[in-house]
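Coordinate analysis (summary)
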Amino acid sequence: QVQLVESGGGLVQPGGSLRLSCAASGVIFSINTMGWYRQAPGKEREFVARITSAGSTNYKDSVKGRFTISRDNAKNTVYLQMNSLKPEDTAVYYCHAEVRGSGDFVFFDYWGQGTQVTVSS
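Description of the structure in this document. Note that this is a predicted model, so its numbers are computed, not measured.

What follows is about the pattern of salt bridges. One pass over the structure, following the stated rule, counts five salt bridges. Of the charged contacts, one joins arginine 38 and glutamate 46 as a salt bridge, the two residues approaching to 2.7 Å between their closest N and O atoms. Since its relative accessible area comes to 27%, glutamate 46 is described here as partly exposed. For arginine 38, the salt bridge is made with aspartate 89, and the minimal N-O distance between the two is 3.0 Å. Of this pair, arginine 38 sits in strand β4 (residues 28-39) while aspartate 89 sits in the loop between β8 (77-82) and β9 (91-101), and the two are 51 residues apart along the sequence.

Structure (structure tokens):
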């Protein structure tokens, strides 16, 4: 079974930076889109950023210019560089990936368990 493991979360002051990582493990044939979502207390999970296998990116408007998503296909890993962090960025960040396992005919959606990001002074 495919597993996504996030790392890099933590506590930072406003204006600080964090770099999140998410590595996919298991018997993987290919990975299509990878992305990041977040969920703050009392709110619905929301889209943050995504990147296709070809490198095309898309961002939530409020993080444009501050966050950068990238991926290393050789390592089956996606990253989220977060700069100029604001208190409103505080949330649990979840990794998402569309993964095709060996022998599969379609891609399946996988989610990580989440990593906490807290922005506070």
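Strand order across the open sheet formed by four strands is β1-β3-β8-β7, with antiparallel pairing between neighbours. Each edge of the sheet is formed by a strand with only one pairing partner; in this case those strands are β1 (3-7) and β7 (67-72). Shown here is a sheet whose adjacent strand axes are inclined to one another by a mean of 15 degrees, direction ignored. Note that β7 and β8 share six bridges and pair antiparallel. Bridging from a neighbouring strand, arginine 71 pairs with valine 78 of β8.

Analysis parameters
Residues numbered from 1 in each chain as written. Predicted model: local features only at pLDDT ≥ 70, side-chain atom pairs only at ≥ 80, totals over all residues. Heavy atoms only, no water. Salt bridge = Lys/Arg side-chain N within 4 Å of Asp/Glu carboxyl O. Buried < 20%, exposed > 50% of the residue type's maximum accessible area, 1.4 Å probe, protein only. Helix = DSSP H or I, 4+ residues; strand = E, 2+ residues; numbered from the N terminus. Pairing = 2+ DSSP bridges. Axes fitted to C-alpha atoms, helices over the stretch in contact; angles between N-to-C directions.

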